[in-house]
Amino acid sequence: GVEAGDVQALEGGRLVLYYTGRGTGPREGRSAIGVAESADGLRWTRGADNPILIGRGWERGSVNAPAVFFDAARKSWRLFYHAAWLAGAADLSEI
């Protein structure tokens, strides 16, 4: 399933959704962060590279609750998320 999403409106009206997805198979019960795009906010297409972030190391196998914003000082999009009762951050160009 999908939960805890954050939608960003980009130039040209394109919408990008960063969301928490629950794993199946070998990742059963673990969460990861995925991305989907939409032109109208009703029909969404999942990203080909999903999940874009999975829990590793200190994150103990799960990441969730994405929040994305543009960091003008860094001139890049930043992703904040929860994992193992802690908060993490990543530059979207690096994941």
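Computed from a predicted structure; not experimentally measured.

Rules used in this analysis
Residues numbered from 1 in each chain as written. Predicted model: local features only at pLDDT ≥ 70, side-chain atom pairs only at ≥ 80, totals over all residues. Heavy atoms only, no water. Helix = DSSP H or I, 4+ residues; strand = E, 2+ residues; numbered from the N terminus. Rg over C-alpha atoms; globule rule 2.2 N^0.38 Å. Buried < 20%, exposed > 50% of the residue type's maximum accessible area, 1.4 Å probe, protein only. Contact = heavy atoms within 4.5 Å. 1 Å grid on protein atoms, 1.4 Å probe; cavity = no way out; pocket = protein on both sides within 12 Å on 5 of 7 lines; lining within 4 Å. Points joined across faces, edges and corners; volume = space filled by probe spheres on them. Nonpolar A, V, L, I, M, F, W, Y, C, P; charged D, E, K, R; others polar. Pairing = 2+ DSSP bridges. Axes fitted to C-alpha atoms, helices over the stretch in contact; angles between N-to-C directions. Core = buried A, V, L, I, M, F, W, Y, C linked by side-chain atoms within 4.5 Å. Polar contact = N/O pair within 3.5 Å; in protein donor to acceptor, adjacent residues only side chain to side chain.

Can you lay out the overall build of the protein for me, pointing to particular residues and giving the numbers?
In terms of helices and strands, the protein carries 0 helices and 8 strands. Helices (α) and strands (β) of the protein occur, in sequence order from the N terminus, as β-β-β-β-β-β-β-β. In terms of overall dimensions, the protein is globule-like: its C-alpha atoms have a radius of gyration of 13 Å, near the 12 Å expected for 95 residues. Along the first, second and third principal axes, the C-alpha atoms of the protein reach 40 × 35 × 20 Å. In the protein, which comprises 95 residues, the proportion classed as buried is 37%. Put simply, 32% of the contacts in the protein that link residues at least 6 apart link residues at least 24 apart.

Describe the layout of surface pockets, and please don't skip the residues or the numbers.
To find leftover empty space, one rolls a probe the size of a water molecule over the atoms. Taken as a whole, the largest pocket spans an internal volume of roughly 280 Å³. In terms of lining residues, the largest pocket is bounded by 16 residues, among which Val-16, Tyr-18, Val-35, Glu-37 and Ile-52 are the most central. Listed by contribution, the elements that provide at least two residues to the lining of the largest pocket are β2 (15-22), β3 (31-38) and β4 (45-46). Of the residues in the lining of the largest pocket, the class split is 9 nonpolar, 3 polar and 4 charged.

Run through the sheet that holds strand β8 (residues 86-91), naming residues and quoting values.
Strand order in this open sheet of 3 strands is β6-β7-β8, and the pairing throughout is antiparallel. Among the strands making up the open sheet, the edge pair consists of β6 (64-71) and β8. Looking at each pair of strands side by side, their axes are set apart by 25° on average, direction ignored. The pairing of strand β7 (residues 76-83) with β8 spans 6 bridges and is antiparallel. From the neighbouring strand, Ala-83 faces β8, where its bridge partner is Leu-86.

Hey, could you go over the environment of Val-2 for me, with residue numbers and the actual values?
Inspection of the secondary structure assignment puts Val-2 in strand β1 (residues 2-9). It is 4.6 Å that separates the C-alpha atoms of Val-2 and Gly-21, two residues lying 19 residues apart in sequence. Not counting residues up to four positions away in its chain, the partners in contact with Val-2 are Tyr-19, Thr-20 and Arg-46.

Give a detailed account of the nonpolar core, specifying residues and quantitative values.
One finds Val-16, Tyr-18, Ile-33, Val-35, Leu-53, Val-63, Val-68, Leu-79, Tyr-81, Ala-83 and Leu-92 forming the largest nonpolar core, which totals 11 residues. Going through the elements one at a time, β2, β3 and β7 are the ones with two or more residues in this core. Looking at this core, the element that brings in the most residues is β7, giving 3 residues.

An account of the side chain of Ser-31 is needed here, citing residue identities and associated values.
Among the secondary structure elements, Ser-31 is positioned in strand β3. At 2.7 Å, the side chain of Ser-31 and the backbone oxygen of Val-63 are in polar contact. Setting aside anything within four residues of it in sequence, one finds Ser-31 in contact with Thr-20, Gly-21, Arg-22, Gly-61, Ser-62, Val-63 and Asn-64.

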